[in-house]
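Residue-level structure breakdown
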Amino acid sequence: MQFLRKTAVRGTSPFLIIAVAFGGLILLGTILLMLPVATKSGQGTSFADALFTATSAACVTGLVVHNTATYWSLFGQTVILALIQVGGLGVVTVVVGVRALRRQRISLRERTIMQESLSASKIGGVIRSTRFIIVTTIGMELIGALLLLPVFVPRFGWEGGSGEAIFHAVSAFCNAGFDLLSTKQPYQSLLAYSTNVDMNLVIGFLILIGGLGFITWIDVRKHGWHIRRYHLQSKIVLVATVILLLVPMVYFFCCEFQNFPMKKRLLASFFQTVSPRTAGFNTVPLTQLSDNGKFMTILLMFIGGGTGSTAGGIKMTTAGVLFCACLAVIFRRREVMAFGRRIASRTIFRAAAIFTLYLSLLIVAAMMMSGVEHLALLTSLFECASALDTVGLTLGVTPLLHLSSRLLLILLMFIGRVGSLTVVFAVGSHSTKFQARYPEETVNVG
């Protein structure tokens, strides 16, 4: 809290504050996970492994180098859960939200930082929205935990089952993908529950709701079923959510899981469509997917969830804006339109920049990993997309990577969580004293 006050007074860039806040959270988590008490063996963890785990948890990714269920002690698992919760909401959101709930004064500069953290369109009402976000998050996680009790209590008892339910509800809603179920075989995720309807639906809908974005939550609270009153951002997110749920689900049902019994086929198709955006749980072995299935999963990971949500990726709004821009070019429209509204040119520029940065970074990182680890390029793309888009799905190679590749994934997870533009703006120049206006000239493209 003191950090936000000091940096706000000094006039530090909001983007730098957000990046440094996440860096501080990761460092704190790393130190705690290095303690001997954090592991079941009591021998402590190396800095590199603790850093990887803390980054994965704080950036709500889910990639691991040690089996969460068997390697970490109750203290270590609690640290991971806390990192997931704070990382999912955002460090700035948690700090300002706690101050707001305590009725402390929030300065204008702090409200500006909060606006950037939430990706809100305006600064007005941002503190009230923060309170709503925190309360809604905790409420949805508690509801999810209650619905998961019938799944876990018969296996682990009331005490153990309650802990399992809370951990997996938080991990799912924050789109983290960490699990405590791989006790007999490592890195099994939810494979044992592939035909459990309650597990698939509860975890799946927690992922979906967490990935919609805070602005969409606020619109639903204010306007209910009057969708015409929603922000344009919320409309794009909801339409994209439906499309990205139905189309890939049909693909997985028809092309990937046709040999499964009908019940498992339906559940697997649903879950494999939802989880890559961007939770990291899986109910089927990902190595059994065809190359087309793996590439479809990469596309879902790349798009991710809604802006200002717990999900990663370029975000559905970015993909939606670029799609509308393509339609404008195809139909030779002078303006980019969506739902009867004109999309501002600066929004289109921002979407194009995000898409280009993410895609370039993904390709370069995958080529580097492929060269260092001697992996197939598709496998490297899968692992790097999982890290950059904060998903956590893996083809089983992450625990086997060399230190250089793990450091690469750590960097990708950090950039994916705080946002590529946030990193660029945090380290770039923000001088706006003078901007020359140059002559305009048309350039033929395509």
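What counts and what doesn't
Residues numbered from 1 in each chain as written. Predicted model: local features only at pLDDT ≥ 70, side-chain atom pairs only at ≥ 80, totals over all residues. Heavy atoms only, no water. Helix = DSSP H or I, 4+ residues; strand = E, 2+ residues; numbered from the N terminus. Expected span 1.5 Å × (residues − 1). Buried < 20%, exposed > 50% of the residue type's maximum accessible area, 1.4 Å probe, protein only. pLDDT = per-residue confidence, 0-100. Phe/Tyr/Trp six-rings, centres within 6.5 Å; stacked < 30°, edge-to-face > 60°. Lys NZ or Arg CZ within 6 Å of the ring centre and 35° of its normal.

Given a rise of 1.5 Å per residue, 15 residues ought to cover 21 Å, and the 21 Å separating the end C-alpha atoms of helix α14 (residues 316-330) matches this to within 8%. Among the residues making up α14, those that are buried are Met 316, Thr 317, Thr 318, Gly 320, Val 321, Leu 322, Cys 324, Ala 325 and Ala 328. Just downstream of α14, Arg 332 is the residue with a positive phi angle, here 55°.

This part is about the confidence of the model for the protein chain. Taken over all residues, the pLDDT of the protein chain has a mean of 86, while the share at 70 or more is 87%. By mean pLDDT, the top-scoring element of the protein chain is helix α3 (residues 47-58) (95), and the lowest-scoring one is helix α1 (residues 2-10) (48).

It is worth spelling out the packing of aromatic side chains at this point. Describing an aromatic ring pair means giving the distance of the ring centres and the angle of the ring planes. Scanning the model with the defined rule gives 10 aromatic pairs in all. Judged by centre distance (5.8 Å) and plane angle (40°), the ring pair of Phe 205 and Phe 270 falls under tilted. Note that Phe 205 is positioned in helix α9 (residues 197-210) and Phe 270 in helix α12 (residues 262-274), a separation of 65 residues in sequence. Measuring from centroid to centroid gives 5.2 Å for Phe 257 and Phe 260, while their planes differ by 10°, and the two rings are stacked. Residue Phe 260 is classed as partly exposed on the basis of its relative accessible area of 22%. Connected via pairs of aromatic rings, a cluster forms that spans Tyr 251, Phe 252, Phe 257 and Phe 260. Over the face of the ring belonging to Phe 132 we find Arg 221, whose NZ or CZ atom lies 4.4 Å from the ring centre. For the cation-ring pair, Lys 264 lies above Phe 260, with the distance from its terminal atom to the ring centre recorded as 4.6 Å.

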